[in-house]
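The lines below spell out each chain.
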Amino acid sequence: MNTMRVSHRLKRWATAIWQVIGAVNIRAKILGIVLGLVVLMGVAATIEVRLLLDQTLTTQAREHSVAVARDVAARATDLTLMRDYYGLFRLLRDTQANNPDLRYAFVIDSEGAIIAHTFGAGFPAGLYDANIVTSNEHHRSVLLATDEGDVWDTAVPIFDGRAGVARVGLSLAAREQTVAAVTSQLLITTIMAAAIGITAAALLTWILTRPILQLVELTKAVTGGDFSRRAQRWADDEIGALTDALNAMSDALAQAERERAEREQMRAQYVTRIIAAQEEERKRIARELHDSTSQALTSLLIGLRSLADRHRSPDLRRQVDDLRGIVGQVLHDLHALARQLRPSVLDDLGLAAAIQRYVADCRARSGLTIDLAMPDLNGERLDPALETALYRIVQEALTNVIRHAHATTASIVIERRDGRLRAIIEDNGCGFDPAALRGDGDLGLNGIRERAALLNGHLIIESAPGNGTTLYVEFPLLASAEESYACEPYSVGR
Amino acid sequence: MPVNRILLVDDHAVLRAGLRLLLDAQSDLHVVGEAEDSRTAAMQVAALQPDLILLDLSLTNGSGLAAIPSLRAAAPHARILVLTMHDDEGYVRQALAAGAHGYVLKRAADAELIAAIRAVLRGEMYIHPALTRRLLEDLLPQTPPVSPWESLSEREREVLALVARGYTAAEIAAQLNLSPKTVETYRTRGMEKLGLRSRAALVQFALDHNLLTPA
Ligand SMILES: Nc1ncnc2c1ncn2[C@@H]1O[C@H](COP(=O)(O)OP(=O)(O)OP(=O)(O)O)[C@@H](O)[C@H]1O
Ligand SMILES: [Mg+2]
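In every chain, residue numbers begin from 1 and rise along the written sequence. Each chain takes a letter, starting from A, and each ligand takes a number, starting from 1, following the order in which they are written. Owing to the predicted nature of the model, reporting of local features is limited to residues with pLDDT of at least 70; listing and counting of side-chain atom pairs is limited to 80 or more, with chain, interface and lining totals taken over all residues. Computation of side-chain values: all heavy atoms of the structure, hydrogens and water removed.

A few points about the overall build of chain A
For step 1, the next point in the chain: Assigned secondary structure in chain A consists of twelve helices and ten strands.
For step 2, the next point in the chain: Buried, partly exposed and exposed residues are distinguished by accessible area as a fraction of the type maximum, computed with a 1.4 Å probe on protein chains only: under 20%, between the cut-offs, and over 50%, respectively. Counting all 494 residues of chain A, 39% fall into the buried class.
For step 3, the next point in the chain: Sequence separation of at least 24 residues holds for 62% of the intrachain contacts in chain A that already meet a minimum separation of 6.
For step 4, the next point in the chain: With the model as given, the accessible surface of chain A reaches about 27900 Å², and the carbon-plus-sulfur share is 59%. Helix numbers and strand numbers start at the N terminus; a helix is a DSSP run of H or I with at least 4 residues, a strand a run of E with at least 2. A contact between two residues is defined here by any heavy atoms of the two lying within 4.5 Å. Using the Shrake-Rupley algorithm and a 1.4 Å probe, accessible areas are obtained, with residue cover drawn only from the displayed protein chains.

Some points on the overall build of chain B
For step 1, the next point in the chain: Along its length, chain B carries ten helices and eight strands.
For step 2, the next point in the chain: Counting every position in chain B, which comprises 215 residues, the buried fraction comes to 52%.
For step 3, the next point in the chain: Sequence-distant contacts, at least 24 apart, represent 63% of the contacts inside chain B between residues at least 6 apart.
For step 4, the next point in the chain: Of the roughly 9700 Å² of accessible surface on chain B, 56% is carried by carbon and sulfur atoms.

Focus on helix α5 (residues 173-223) of chain A
Residue and element names in this part refer to chain A.
For step 1, the next point in the chain: Given the number of residues in a helix, its expected span is that number minus one, multiplied by 1.5 Å. Given a rise of 1.5 Å per residue, 51 residues ought to cover 75 Å, and the 72 Å separating the end C-alpha atoms of α5 matches this to within 8%.
For step 2, the next point in the chain: One axis is fitted to the seven residues ending at the residue and one to the seven starting there. The bend at that residue is the angle between these axes. The largest bend in α5 comes to about 30°, at T209, with the proline P211 one to four residues further on.
For step 3, the next point in the chain: Just beyond α5, the residue with positive phi is G225, at close to 95°.

Considering the site of ligand 1
All names here are of chain A.
For step 1, the next point in the chain: Distances are taken per atom, and a residue is near a molecule or strand as soon as one of its heavy atoms is within 4 Å of it. As a matter of local geometry, ligand 1 sits amid 16 residues, with N400, H404, D427, D442 and L445 nearest to it.
For step 2, the next point in the chain: Contact distances for ligand 1 include 3.1 Å between an oxygen atom and a backbone N or O atom of L443.
For step 3, the next point in the chain: A distance of 3.5 Å is found between a nitrogen atom of ligand 1 and a side-chain nitrogen or oxygen belonging to T469.
For step 4, the next point in the chain: Protein chains bury 78% of the 600 Å² of accessible surface belonging to ligand 1 in isolation.
For step 5, the next point in the chain: Mapped by element, the contributors of at least two residues to the shell around ligand 1 are α10 (384-405) and α11 (443-454).
For step 6, the next point in the chain: Ranked by the residues each element gives to the shell around ligand 1, the list is headed by α10, at six residues. The term polar contact refers here to a pair of N or O atoms within 3.5 Å; inside protein, the definition further demands a hydrogen-donor-capable atom paired with an acceptor-capable atom, and it admits residues adjacent in sequence only when both atoms are side-chain atoms.

A word on the packing of helix α7 (residues 154-164) of chain B against helix α10 (residues 199-208) of chain B
Residue and element names in this part refer to chain B.
For step 1, the next point in the chain: Every angle, taken between N-to-C directions, lies between 0 and 180 degrees, and every axis is a line fitted to C-alpha atoms, over only the stretch in contact when it is a helix. Where α7 meets α10, the axes come as close as 9 Å, and the angle between the chain directions of the two elements is 100°. In this view, α7 runs roughly perpendicular relative to α10, as classed from their interaxial angle. Residues L160, V163 and A164 of α7 pack against R199, L202, V203 and A206 of α10. Throughout, the term roughly parallel applies to angles under 35 degrees, roughly antiparallel to angles over 145, roughly perpendicular to angles from 65 to 115, and oblique to all others.

Observations concerning the pattern of salt bridges
For step 1, the next point in the chain: Salt-bridge detection follows one rule: a side-chain nitrogen of Lys or Arg within 4 Å of a carboxyl oxygen of Asp or Glu. Applying the stated criterion across every chain yields a total of 49 salt bridges over all chains.
For step 2, the next point in the chain: A salt bridge links R267(A) to E264(A); the nearest nitrogen and oxygen atoms lie 3.6 Å apart. Taken together, the residues span about one helical turn, with R267(A) and E264(A) both in helix α6 (residues 238-310) at a distance of three residues.
For step 3, the next point in the chain: The salt bridge partner of E34(B) is R20(B), with a shortest N-O separation of 2.7 Å. Taken together, the positions of E34(B) in strand β2 (residues 29-35) and R20(B) in helix α1 (residues 13-24) put the pair 14 residues apart, joining distant regions of the chain.
For step 4, the next point in the chain: Residue classification places R20(B) among the partly exposed positions, given a relative accessible area of 29%.
For step 5, the next point in the chain: Several salt bridges share partner residues, and in doing so they unite E279(A), K283(A), R342(A), D347(A), R392(A) and R451(A) into one network.

With respect to the coordination of the magnesium ion (ligand 2)
Residues and elements named next belong to chain A.
For step 1, the next point in the chain: Here the term donor refers to an N, O or S atom within 2.8 Å of the metal (or 3.2 Å for Na, K and Ca), and because water is left out of the atoms, sites may appear incomplete. Here the magnesium ion (ligand 2) is held by E396 (OE) and N400 (OD1), and the distances to it run 2.0 to 2.4 Å. Of the two residues, E396 and N400 both sit in helix α10, four residues apart, roughly one turn of that helix.
For step 2, the next point in the chain: For N400, a relative accessible area of 16% translates into the label buried.

Quick notes on the packing of aromatic side chains
For step 1, the next point in the chain: Planes of paired rings set the category: under 30 degrees apart is stacked, over 60 is edge-to-face and the rest tilted, where pairs are Phe, Tyr or Trp rings (Trp by its six-membered ring) whose centres lie within 6.5 Å. Enumeration over the complete set of coordinates arrives at six aromatic pairs over all chains.
For step 2, the next point in the chain: Ring centres of F119(A) and F123(A) lie 5.3 Å apart, and the angle between their planes is 85°; this geometry places the pair in the edge-to-face category.
For step 3, the next point in the chain: Looking at F119(A), the relative accessible area reads 16%, which means it is buried.
For step 4, the next point in the chain: Through a chain of ring-to-ring contacts, three or more aromatic side chains come together here, namely Y104(A), F106(A), F119(A) and F123(A).
For step 5, the next point in the chain: When the ring centre of Y167(B) is taken as origin, the NZ or CZ atom of R417(A), which lies over that ring, is 3.7 Å away. Over a ring means this: the NZ of a Lys or the CZ of an Arg is within 6 Å of the ring centre and within 35 degrees of the ring normal.

Thoughts on the nonpolar core
For step 1, the next point in the chain: Counting residues in hydrophobic clusters, the biggest one holds 67 residues, and the most contacted among them are L351(A), I414(A) and Y103(B).
For step 2, the next point in the chain: Tallying contributions element by element places α10(A) first for this core, with nine residues.
For step 3, the next point in the chain: Residues within four places of L351(A) in sequence aside, it is in contact with L346(A), L377(A), L382(A), E387(A), L390(A), Y391(A) and I414(A).
For step 4, the next point in the chain: Residues V72(A), A163(A), A166(A) and V168(A) belong to the second largest nonpolar core, which totals 23 residues. Nonpolar cores were defined as sets of buried Ala, Val, Leu, Ile, Met, Phe, Trp, Tyr and Cys residues, with membership established by side-chain atoms within 4.5 Å.

Observations concerning the environment of A113(A)
Residue and element names in this part refer to chain A.
For step 1, the next point in the chain: As for its position among the elements, A113 is in the loop between β1 (102-108) and β2 (114-117).
For step 2, the next point in the chain: Spatially, the C-alpha atoms of A113 and Y128 are 9.9 Å apart, while their sequence positions differ by 15 residues.
For step 3, the next point in the chain: Apart from residues no more than four positions distant in its own chain, A113 is found in contact with V107 and I108.

A word on the side chain of S141(A)
All names here are of chain A.
For step 1, the next point in the chain: As for its position among the elements, S141 is in strand β3 (residues 140-146).
For step 2, the next point in the chain: Classification of S141 as buried rests on a relative accessible area of 16%.
For step 3, the next point in the chain: Side-chain polar atoms of S141 contact the side chain of T154, separated by 2.9 Å.
For step 4, the next point in the chain: Other than its neighbours up to four places away in sequence, S141 contacts R62, S65, V66, N131, W152, D153 and T154.

Some points on the sheet that holds strand β5 (residues 164-171) of chain A
All names here are of chain A.
For step 1, the next point in the chain: Strand order in the open sheet formed by five strands is β2-β1-β5-β4-β3, and the pairing between neighbours is antiparallel. Edge positions in the open sheet fall to β2 and β3, since each of these has one partner strand only. Strand-to-strand twist of the sheet, defined as the mean angle between neighbouring strand axes without regard to direction, takes the value 20°.
For step 2, the next point in the chain: Strand pairing is assigned whenever DSSP detects at least two bridges linking the two strands. Here strand β4 (residues 149-158) runs beside β5; their pairing, made up of eight bridges, is antiparallel. The partner of A155 across the bridge, within β5, is R167.

As structure tokens, then:
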């Protein structure tokens, strides 16, 4: 149970650490590794060298102090026995002059009295007892920590202890200086190695990440729909293979996109041609009805009138009047049919007049209140394809209002804003859910969308059940087209 | 009784023959010539100086409407009566603006034509009755707003101005930092205060009150 808790905690730690490490980029990771390694190696080497050096130098100093002490003891034997204090003092002074590291030296006689020493002022208290050698020992060394640094104190018996003891103190100050110098040299080397390592690592990561960043850019471009971008292949490694694969994918996507665009364009052209042909056909039939059939019927009407005028017989006149009534009705119906197919007003007088007429017919037919505002279309002409499209769109939208909306009021606004033409068809009826509209089903709203798209326009539907419906159809207006159609003179007839 | 001289301009030969038969049967009317396109018509008018020109709007090569000014120039005293299939008031407006004196529909030619010719000859205007109503609708009085624009709240005015400029509810909501539902509420309330029943009525109102000038 306890181990389980520990492993759980370890896992939490690992996640926390990974969150930090994982969040930094590859460059930082590699730099971190290199820097860490160099610093670790440098510090470890420094510590190891310091320890070894310290040890070696200490041992050396000890041996040196033993050598000096033995030398002093050997040379002091006669002097001590002869009680030549001055000779002893000179011996100690010479020894100190020959060994700069020697802190002090003194000689104790067989009774234990200090008979010569190198301390000018006074003998330091406690030093005497710090190192007591017995006469059967060869020598004895003690490391003393003084306020002037470590000192090796060595005592050697003179003449096997029968003449006294010689003591010397050898300072370790030189050892500390050497260790400090070596340490700082090592640290400088470490820092230089780290600097070189970081430069090399930065170069390496640049070489490593450059192709990866490029691939990221490429992927972003593809996601954004730009299939023209290609990544450069830098090296023959795994990243090179990945680059090839991504480039091939971009090629395939670009090809597919080209084909799709071509198909879409062909389809749009095809639909445009079908719509144009349909309008042309309707126009032709409407003209035919107007120009030939209706004129012939009008002639018949006038002929019948003449006939009635010339004959006094009431029977005949009644029959002729009946015929005139029938012909008049047929003429009226024909005219309505021709207008339904394609109103000549649309070609002769333009969109505004055609819509006014259509709206008037709808009012009469359905009893619906229809408000109309076209503030920016003062009899001016637009691109014929645009006029036809807008007319058909208004027609379809109003048909929907009459058929589905159960509305009391409808409204049509056509206005111009920022070089765009917007038609807004609105009703206060039952509304519907535009999201539920099937993309392939009914022709009505989909037809509006399609017609708009063919002229670079688009349809927005705002409706909710119980809230009425608003259709916004918006087209771009080309400035040049606007002008050229604005000043074209009206024309009637064929 | 003076006989009034009439020129027929129509591209349909059978119809011209029928008209000639009908009109010549009237003791006060006499057809002096016929033309089927606007160029011959202008020449005939200049040569014959008729009292009345019976003009179709669709001619062999071009529009009868476009021919009216030149016909008037060729015979300033001649009256012009349009006889046509087109029953849209747009054509009526344009014909009258160009200088015609009357407008008769072909489908009513048997009943109205002779009366119309006599009226126009007397110096009156004649327009087919079904068309006069549509022409005059513009002149019918508009219902005045219940309360003026200034009585609306700041927000209502902002919303209505954008509605009149044709923005969608979603666009207005985004622009004013409101929810679409709130936009709908302001719009409904503002319209009610103004006594307007539809967006088109609002656009017309805004136009009449000069509210659409760029903000
Ligand atoms: N103004 C409207 N008010 C309420 N519902 C509407 C309105 N316009 C469309 N709808 C709904 O959207 C549906 C789709 O309309 P759409 O015009 O595409 O097809 P349709 O009118 O049913 O058939 P058609 O192809 O003959 O036009 C309609 O069936 C109707 O339910
Ligand atoms: Mg429909």
